[in-house]
Amino acid sequence: MLTRIDHIGIACRDLDATAEFYRATYGFEVFHTEVNEEQGVREAMLMVNETSDGGATFLQLLEPTREDSPVGKWLAKNGEGVHHIAFGTPDVEGDSAEIRSKGVRVLDAEPRHGTMDSRIAFLHPKDCHGVLTELVESAGAARAAAEG
Ligand code: CMX
Ligand code: CO
């Protein structure tokens, strides 16, 4: 069951300059930074709020590490802007299977490594009315579920 918005992914050309815009304009501080070579991104997570299931809601700023990555290709075509939305779940495998059974292409046969030790899976934007959609099982949400 999807329980919250985990993050909104925003493609940018200059991660540090974009993070500074969010700090100066809204007061959002960088909570975490990471390079995810598998996804081809350098990213910064800005926390907007915490949630009761052990997860939180973030903005995820994404700078491509290579031009042929999903974000690199998307930036070349569209310029900077909102790239994807991500829903939080305590059970990414279960939700992926259920959503797949409804005819939506799940791009990741097995969940992949996401930011802050989360486990993630993407849904094809063409099956989601044009919105690239990510499912996220955060390490914190998984812990909260295990503790009951
Ligand atoms: N949102 C909406 N539509 C998108 C999209 C996006 N982010 N990215 C691509 N599309 C659309 C394109 O506009 C294109 O549509 P048209 O055929 O109508 O022009 C179509 O999908 C195919 O696009 P493409 O440029 O040829 O790209 P690919 O098919 O090679 O890849 C996708 C598209 C979604 C399969 C790929 O981007 C992907 O696997 N994404 C998941 C991984 C990812 O995005 N990682 C980065 C974020 C990491 C993180 O959040 O941690
Ligand atoms: Co994301």
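Under an unreviewed UniProt entry, the chain has the name Methylmalonyl-CoA epimerase and belongs to Actinacidiphila guanduensis. You can read under Sequence similarities (unreviewed entry) in the UniProt record for the chain the words "Belongs to the methylmalonyl-CoA epimerase family."

A few points about the overall build of the chain
When helices and strands are counted, the chain shows four helices and eight strands. Going from the N terminus to the C terminus, the chain shows its helices and strands as β-α-β-β-β-α-β-α-β-β-β-α. Projected onto its principal axes, the C-alpha coordinates of the chain cover approximately 40 × 30 × 25 Å. Expressed as a percentage of its 148 residues, the buried residues of the chain come to 34%. In the chain, of all internal contacts separated by at least 6 residues, the share reaching a separation of at least 24 is 60%.

Structural notes on the site of ligand 1
Neighbouring ligand 1 are 21 residues, the closest being Q39, P70, F122, P125 and L132. Those elements that provide at least two residues to the shell around ligand 1 are β4 (56-64), α2 (70-78) and β5 (81-88). The greatest single-element share of the shell around ligand 1, amounting to four residues, is contributed by α2. Its residues assigned to classes, the shell around ligand 1 shows nine nonpolar, nine polar and three charged.

Some words on helix α1 (residues 15-26)
Taking 1.5 Å per residue as the helical rise, α1 with its 12 residues ought to reach 16 Å, and the 16 Å between its terminal C-alpha atoms agrees with that figure. A positive backbone phi angle near 85° is found at G27, which sits one or two residues after α1.

Parameters and conventions
Residues numbered from 1 in each chain as written. Chains lettered and ligands numbered in written order. Predicted model: local features only at pLDDT ≥ 70, side-chain atom pairs only at ≥ 80, totals over all residues. UniProt positions renumbered as here; feature names shortened; annotations may be inferred. Helix = DSSP H or I, 4+ residues; strand = E, 2+ residues; numbered from the N terminus. Buried ≥ 20, exposed ≤ 12 C-beta atoms within 10 Å, placed from the backbone. Contact = placed C-beta atoms within 7 Å. Near = placed C-beta within 6 Å. Nonpolar A, V, L, I, M, F, W, Y, C, P; charged D, E, K, R; others polar. Expected span 1.5 Å × (residues − 1).

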